[in-house]
Amino acid sequence: MNKLDESLLTGLPPFSRLERPQIREILDQATPKRHDEGAEVFREGEEADRFFLLLDGYVRVVRTTPTGDQMVLRHIAPGQLIGIAPALGRTTYPATATAASEALTLAWPTRLWPGFVTRYEGFATETWATLGRRMQELNDHLAELATKAVEQRVASAVLRMVNQTGRKVDGGIEIAFPVTRANIAEMTGTTLHTVSRLLAAWEKDGIVESRRKHIVVTAPHRLVLLSGAGG
DNA sequence: TCATTAAAGGGTC
DNA sequence: GACCCTTTAATGA
């Protein structure tokens, strides 16, 4: 079996303070896996027997409501830990993670978690920081859902994706993974029809350009204004 | 202001 | 051709 290259982990926040032998040790315990677009990485309610590092690609985190509706909670960019139920004191995954684009992960058995936290300098601190950021985002998102109008919510959701996963392209910033109108509807608690109409209107105003599953924000500051940030 | 319903066209496999 | 993604219009809460 091929050994994983140490450069995969060097520089990533959870491992940035570690020496080579420690990184080697961590990699030797990891199982790499490729996920096709749409494939599940882990499922809500399952026994959390592994935690993951997203090496490449994007992951969509989704919860299903009792009525069967899906709610998209967040998107994860490469370099982040996911499925870290043990850090939350849980034994099952709180949400389902699916590959938003073709993705590559490393997985470790959850039983190794306590050892990672105690043995590896900076690992715990970075994990807490990640959890803190996600908590902050959730708070913002919740306040937004409760108080903002649909157009503001959709604008915020698009901006969130741009900020977390955007890449520069000619004429703007592109969301780096395939997104449908329905996906955005599931992030904002509206319908795909409303999202479609909003994007069409924004495109007419020169704020975005979109093709199927593909959005480029050409005037981010105007989207910020629409999102109602700062008033 | 926004959801629902319906109809239709283009894309992709 | 089947199925998915998207657009558009009409209707009504």
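In this text the structure is predicted, and so the values were computed from the model without any measurement.

Here's the deal with the protein's contact with DNA strand C
Here is step 1: Taken together, the residues surrounding DNA strand C are Thr-180, Arg-181, Leu-192, His-193, Ser-196, Arg-197, Arg-212 and Lys-213.
Here is step 2: Here Arg-181 contributes a backbone N or O atom positioned 2.9 Å from a phosphate oxygen of DNA strand C.
Here is step 3: Interatomic distance of 2.9 Å between a backbone N/O atom of Lys-213 and a phosphate oxygen of DNA strand C.
Here is step 4: Ranked by residue count, the leading element in the surface near DNA strand C is helix α6 (residues 192–204), at four residues.
Here is step 5: Looking at the surface near DNA strand C residue by residue, the class counts come to one nonpolar, three polar and four charged.

Quick word on the protein's contact with DNA strand B
Here is step 1: The immediate surroundings of DNA strand B are formed by Ala-149, Val-150, Gly-189, Thr-190, Thr-191, His-193, Thr-194, Arg-197 and Arg-212.
Here is step 2: Near-protein atoms of DNA strand B (within 4 Å) split between backbone and bases, with sugar and phosphate holding 67%.
Here is step 3: Between DNA strand B and the protein, one listed contact pairs a phosphate oxygen with a backbone N or O atom of Val-150 at 2.8 Å.
Here is step 4: The contact in question runs from a phosphate oxygen of DNA strand B to an N or O atom on the side chain of Thr-194, over 2.7 Å.
Here is step 5: Looking at the surface near DNA strand B residue by residue, the classes come out as two nonpolar, five polar and two charged.

Describing the UniProt feature "domain: Cyclic nucleotide-binding" (unreviewed entry) in chain A
Here is step 1: The sites that UniProt annotates as "domain: Cyclic nucleotide-binding" (unreviewed entry) are residues 14–102.
Here is step 2: Between the end C-alpha atoms of residues 14–102 the distance is 23 Å, and the span holds 10% helix and 38% strand.

Quick word on the side chain of Ser-101
Here is step 1: Positionally, Ser-101 belongs in the loop between β7 (96–99) and β8 (103–109).
Here is step 2: Under the relative-accessibility criterion, Ser-101 is labelled buried at 13%.
Here is step 3: A polar contact is formed between the side chain of Ser-101 and the backbone nitrogen of Tyr-58, at a distance of 3.2 Å.
Here is step 4: Among all residues touching Ser-101, those that are not within four sequence positions of it are His-35, Glu-37, Gly-57, Tyr-58, Phe-177 and Pro-178.

Focus: the layout of surface pockets
Here is step 1: Size it by volume and the largest pocket reaches roughly 450 Å³.
Here is step 2: Taken together, 17 residues make up the lining of the largest pocket; nearest its centre are Val-61, Arg-74, Leu-88, Pro-94 and Arg-134.
Here is step 3: Where the lining of the largest pocket is concerned, the elements lending two or more residues are β4 (59–64), β5 (70–76) and α3 (123–147).
Here is step 4: Taken together, the residues of the lining of the largest pocket break down into 13 nonpolar, one polar and three charged.
Here is step 5: If you go around the second largest pocket, you meet 16 residues; those closest to its centre are Ala-77, Gln-80, Thr-130, Arg-133 and Arg-134.
Here is step 6: Within the residue set of the lining of the second largest pocket, elements represented by two or more residues are β5 and α3.
Here is step 7: The element that contributes the greatest number of residues to the lining of the second largest pocket is α3, accounting for five residues.
Here is step 8: Of the residues belonging to the lining of the second largest pocket, the class tally is six nonpolar, five polar and five charged.

Some remarks on the sheet that holds strand β9 (residues 166–169)
Here is step 1: In spatial order, the strands read β9-β10-β12-β11; together these four strands make up an open sheet with antiparallel pairing. For this open sheet the edge positions go to β9 and β11 (208–211), each flanked by a neighbour on one side alone. In this sheet, adjacent strand axes meet at a mean angle of 25° when their direction is disregarded.
Here is step 2: Relative to strand β12 (residues 214–217), strand β10 (residues 172–175) is paired through two bridges, and the arrangement is antiparallel. The residue of β12 that forms the bridge with Glu-174 is Val-216.
Here is step 3: Packing against the sheet, α6 makes contact with β11 and β12, and its axis sits at approximately 130° to β11.

Conventions we followed
- Every chain's residues receive numbers from 1 upward, in the order its sequence appears when written.
- Whichever chain is written first becomes A and whichever ligand is written first becomes 1, with later ones labelled in order.
- For a predicted model such as this one, the threshold for reporting local features is a pLDDT of at least 70, and the threshold for listing and counting side-chain atom pairs is 80 or more; totals across whole chains, interfaces and linings nevertheless cover every residue.
- Each side-chain value is worked out from all heavy atoms of the structure, with water and hydrogens disregarded.
- A cutoff of 4 Å decides nearness: a residue is near a molecule or strand if any of its heavy atoms lies inside that distance of it.
- Polar contacts, as used here, are pairs of N or O atoms within 3.5 Å; protein pairs need one atom able to donate a hydrogen and one able to accept it. Residues neighboring in sequence count only if both atoms are side-chain atoms.
- Helix and strand definitions here come from DSSP, where helices need a minimum of 4 consecutive H or I residues and strands a minimum of 2 consecutive E residues; each element is numbered from the N-terminal end.
- For this scheme, ten residues count as nonpolar: Ala, Val, Leu, Ile, Met, Phe, Trp, Tyr, Cys and Pro. Four count as charged, namely Asp, Glu, Lys and Arg, and the remainder, Gly too, count as polar.
- UniProt positions are given in the numbering used here, feature names are shortened, and annotations may be inferred rather than shown by experiment.
- To sort residues, take the accessible area from a 1.4 Å probe on protein chains only and compare it with the maximum for the residue type: under 20% means buried, over 50% means exposed, and anything in between is partly exposed.
- Any two residues having at least one pair of non-hydrogen atoms within 4.5 Å are treated as being in contact.
- Here a cavity denotes grid points, spaced 1 Å and computed from the protein atoms alone, that fit a 1.4 Å probe unable to get out, and a pocket denotes an open set having protein on both sides within 12 Å along at least 5 of 7 lines; residues with an atom within 4 Å of a point are the lining.
- Grid points are joined across faces, edges and corners, and a volume is the space filled by probe spheres set on the points.
- Two strands are said to pair when DSSP picks up at least two bridges between them.
- Helix axes are fitted to C-alpha atoms over the stretch in contact, other axes to C-alpha atoms as well, and angles between N-to-C directions run from 0 to 180 degrees.

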